[in-house]
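Chains, contacts and geometry: an overview
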Amino acid sequence: MAVENALSSPLGPPASDKDAKALQFIEEMTRNAEIVQEKVLAEILSRNKNVEYLKRFKLDGANDRKTLKSKLPIITYEDLQPEIQRIANGDRSPILSAHPISEFLTSSGTSAGERKLMPTIKEELDRRQLLYSLLMPVMNLYVPGLDKGKGLYFLFVKSETKTQGGLLARPVLTSYYKSDHFKTRPYDPYNVYTSPNEAILCADSFQSMYTQMLCGLLDRHQVLRVGAVFASGLLRAIRFLQLNWAQLADDIELGMLNKRVTDSSIKDCMAKILKPDPELAEFIRFECGKGEWGGIIKRIWPNTKYLDVIVTGAMAQYIPTLDFYSDGLPTACTMYASSECYFGLNLNPMCKPSEVSYTIMPNMAYFEFLPHHPDSTRDSPPKLVDLVDVEVGKEYELVITTYAGLYRYRVGDILRVTGFHNLAPQFHFVRRKNVLLSIDSDKTDEAELQKAVENASELLREFNTSVVEYTSYADTKTIPGHYVIYWELLVKDWSNSPSEKVLNQCCLAMEESLNSVYRQGRVADNSIGPLVIRVVKNGTFEELMDYAISRGASINQYKVPRCVNYTPIMELLDSRVVSSHFSPSLPKWTPERRR
């Protein structure tokens with residue numbers, strides 16, 4: 001009966017009875033989004049009515065939207081930091097949640113500040129697992145036969161720390177991978193990984209990556225999809241293959257594990273898997289020894305149907321490089337989640353990266369949306385919009401109330417409404433709400449910088465060259481100050497590489513792409529100096545990631561910071577510069593007419 005119900009759903013015919021139930025659940029949740037949201041809020045406020053934070057605002061046991069909106073303020077992490085610090089220090093009283101805080105989930109962190117500690121409770125694992133369970137039933141609608149092979153996913157954990165009060169603090173994915181939900185998951189033919197748990201759970205990033213790559217090579221004909229959490233993680237894996245293919249081939253030929261892999265659980269596991277295979281070793285030496293890395297994913301894993309990676313937001317810059325290494329395989333962005341909460345999933349995962357929209361699942365938390373007006377200077381209190389009342393085409397900042405004790409919390413993500421699935425809205429992730437660069441009165445955010453890099457990159461196309469990685473900083477040591485952009489380039493034909501003149505023009509192209517306030521500072525006010533592009537050696541951004549990991553960043557959640565101001569990082573980048581380029585002229589600017 002479930003299969004028949006799902007057959008009539010807009011999502012399409014399911015691949016199995018299990019998939020039918022998952023698709024039916026999605027339909028029920030999205031059709032009843034308004035009712036589900038009311039129920040979720042009532043549950044959160046009722047169970048937590050006696051916690052210290054809520055009692056402070058005198059809700060008097062009320063659990064409805066009207067009370068929430070009239071009595072609870074909209075908050076940021078800084079507002080909640082005193083309460084979080086008390087919990088971290090060992091205070092076990094019900095401060096934020098009636099259920100005990102089981103651990104803290106750490107945000108990925110940026111150069112702007114310390115890693116945030118997000119409180120969570122045990123039952124949140126069930127909620128996250130529920131969302132995970134919906135991903136493959138949706139994917140099976142678009143890509144048939146995924147039960148006939150395996151997924152090569154590069155998944156990693158980070159060794160956790162403990163707060164002063166004894167609670168674990170670790171990235172959300174480490175929490176999930178170390179949970180029984182993951183370690184003892186039931187067999188599912190649609191969700192078989194080449195990587196053994198022992199490799200995923202090894203905290204040593206080299207040993208983990210080496211073993212996962214080795215197992216991926218051993219199973220190369222069974223691999224139907226290749227992925228990582230972020231696009232940058234998959235590219236790191238390809239870079240690892242470029243550096244270590246000879247040792248991997250030796251291991252495969254001899255059936256012996258590299259001595260650099262010392263983890264006992266991995267060694268025991270691989271002793272059962274690794275057998276001498278001279279033919280496979282010779283194939284790897286032949287393909288990797290060419291030094292031709294275009295299409296390497298498709299060449300090594302010929303049956304790969306798609307790449308499973310996040311390529312939205314700042315990750316969009318990786319799309320050309322992924323296309324190069326995969327020979328244009330489609331990418332699938334399957335879900336939208338953060339340390340604070342898991343939000344929703346992509347019901348059309350094989351769409352173009354620029355068209356990715358995530359459907360918010362109304363059972364995950366209580367959602368509100370703050371209309372985003374980037375040019376607004378109004379002081380009046382903002383009016384938040386409920387989940388089902390957002391308008392297509394408009395941008396909002398996401399605000400959440402969670403079971404784990406975040407109340408009207410501003411996540412900082414800016415989302416654009418693209419449509420609805422039943423009554424549940426679908427959002428395109430636009431950017432994090434932040435300003436990256438500022439010299440004077442100018443303000444450049446991540447999306448604007450990304451667009452400027454993309455526009456400048458167009459000048460490199462005729463030279464078969466692309467920007468692999470970039471970051472920036474506002475250099476205020478000079479007078480006037482100026483933007484510094486670090487580029488790592490992928491040059492596919494060194495006999496036709498871009499000249500100094502072309503790279504200087506790239507600087508100007510970036511400046512032409514920046515906002516009017518910036519260009520006014522450059523042209524009329526002389527408050528901003530010429531933008532500089534510093535080209536760094538290949539592998540520099542991998543070193544930057546290694547540095548971040550050595551300081552506690554998670555290999556899963558690490559994202560290249562689009563702006564840096566930490567001296568050791570800037571020194572590392574500057575030590576790898578091979579050439580510097582400046583705008584050859586002023587960008588175009590004319591005074592704006594005011595209405």
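Above this text you will find the structure in question.
1. Examining the overall build of the protein
Along its length, the protein carries 21 helices and 22 strands. Relative to the globule expectation of 25 Å for 595 residues, the C-alpha radius of gyration of the protein, 25 Å, shows essentially globular dimensions. Considered along the principal axes of its C-alpha atoms, the protein spans approximately 70 × 70 × 50 Å. In the protein, which comprises 595 residues, the share counted as buried stands at 55%. On the protein, roughly 25,900 Å² of surface is accessible, and the fraction owed to carbon and sulfur atoms is 51%. With 70 positive and 73 negative side-chain charges, the protein shows a separation of 3 Å between the mean positions of the two kinds.

2. Let's talk about the environment of arginine 220
Relative to the helices and strands, arginine 220 is located in the loop between helix 11 (205–218) and strand 6 (223–230). Judged by relative accessible area, arginine 220 falls into the buried class, the value being 11%. Counting along the chain gives 82 residues from arginine 220 to proline 302, while the straight-line C-alpha distance between them is 7.7 Å. Ignoring sequence-local partners within four residues, the contact set of arginine 220 consists of Leu280, Phe283, Arg299, Ile300, Trp301 and Pro302.

3. Section: unusual backbone geometry
Despite not being glycine, aspartate 60 has its phi angle at roughly 55 degrees, a positive value. Exposure remark for aspartate 60: the relative accessible area of 70% places this residue in the exposed category.

4. So, the pattern of salt bridges
Taken as a whole and judged by the stated rule, the model has 35 salt bridges. Of the charged contacts, one joins arginine 56 and glutamate 83 as a salt bridge, the two residues approaching to 2.9 Å between their closest N and O atoms. Of this pair, arginine 56 sits in the loop between helix 4 (52–55) and helix 5 (65–71) while glutamate 83 sits in helix 6 (residues 77–88); the two residues are 27 residues apart in sequence, bridging distant segments of the chain. A relative accessible area of 39% means that arginine 56 is categorised as partly exposed. Put simply, aspartate 546 and arginine 236 hold a salt bridge, and the shortest N to O gap is 2.7 Å. Residue aspartate 546 is located in helix 20 (residues 540–550), and its partner arginine 236 is located in helix 12 (residues 231–254); the two are separated by 310 residues in the primary sequence. Classification of aspartate 546 by relative accessible area gives partly exposed; the value is 36%. Each of the salt bridges in this network shares a partner with another, and the network as a whole consists of Glu34, Arg65, Lys69, Glu368, Asp386 and Arg408.

5. Concerning the side chain of arginine 65
The topology assignment puts arginine 65 in helix 5. Ignoring anything within four residues of it in the chain, the contact list for arginine 65 reads Glu34, Gln37, Glu38, Leu41, Tyr366 and Asp386.

6. Topic: the packing of aromatic side chains
According to the stated counting rule, one finds 21 aromatic pairs in the structure shown. Taken together, a centroid distance of 5.2 Å and an interplanar angle of 65 degrees make the contact between tyrosine 53 and phenylalanine 57 edge-to-face. Residue classification places tyrosine 53 among the buried residues on the basis of a relative accessible area of 3%. By way of ring pairs, the aromatic residues Tyr132, Tyr153, Tyr176, Tyr177, Phe182, Tyr193 and Tyr342 are connected into one cluster.

7. Points about the environment of aspartate 60
Inspection of the secondary structure assignment puts aspartate 60 in the loop between helix 4 and helix 5. On a C-alpha basis, the gap between aspartate 60 and lysine 49 in space is 7.8 Å, while along the polypeptide they are 11 residues apart.

Rules of the game
- Residues numbered from 1 in each chain as written.
- Predicted model: local features only at pLDDT ≥ 70, side-chain atom pairs only at ≥ 80, totals over all residues.
- Heavy atoms only, no water.
- Helix = DSSP H or I, 4+ residues; strand = E, 2+ residues; numbered from the N terminus.
- Rg over C-alpha atoms; globule rule 2.2 N^0.38 Å.
- Buried < 20%, exposed > 50% of the residue type's maximum accessible area, 1.4 Å probe, protein only.
- Areas by Shrake-Rupley, 256 points an atom, 1.4 Å probe, with all protein chains shown as cover.
- Lys, Arg positive; Asp, Glu negative; His and termini not counted.
- Charge placed at Lys NZ, Arg CZ, Asp CG, Glu CD.
- Contact = heavy atoms within 4.5 Å.
- Salt bridge = Lys/Arg side-chain N within 4 Å of Asp/Glu carboxyl O.
- Phe/Tyr/Trp six-rings, centres within 6.5 Å; stacked < 30°, edge-to-face > 60°.

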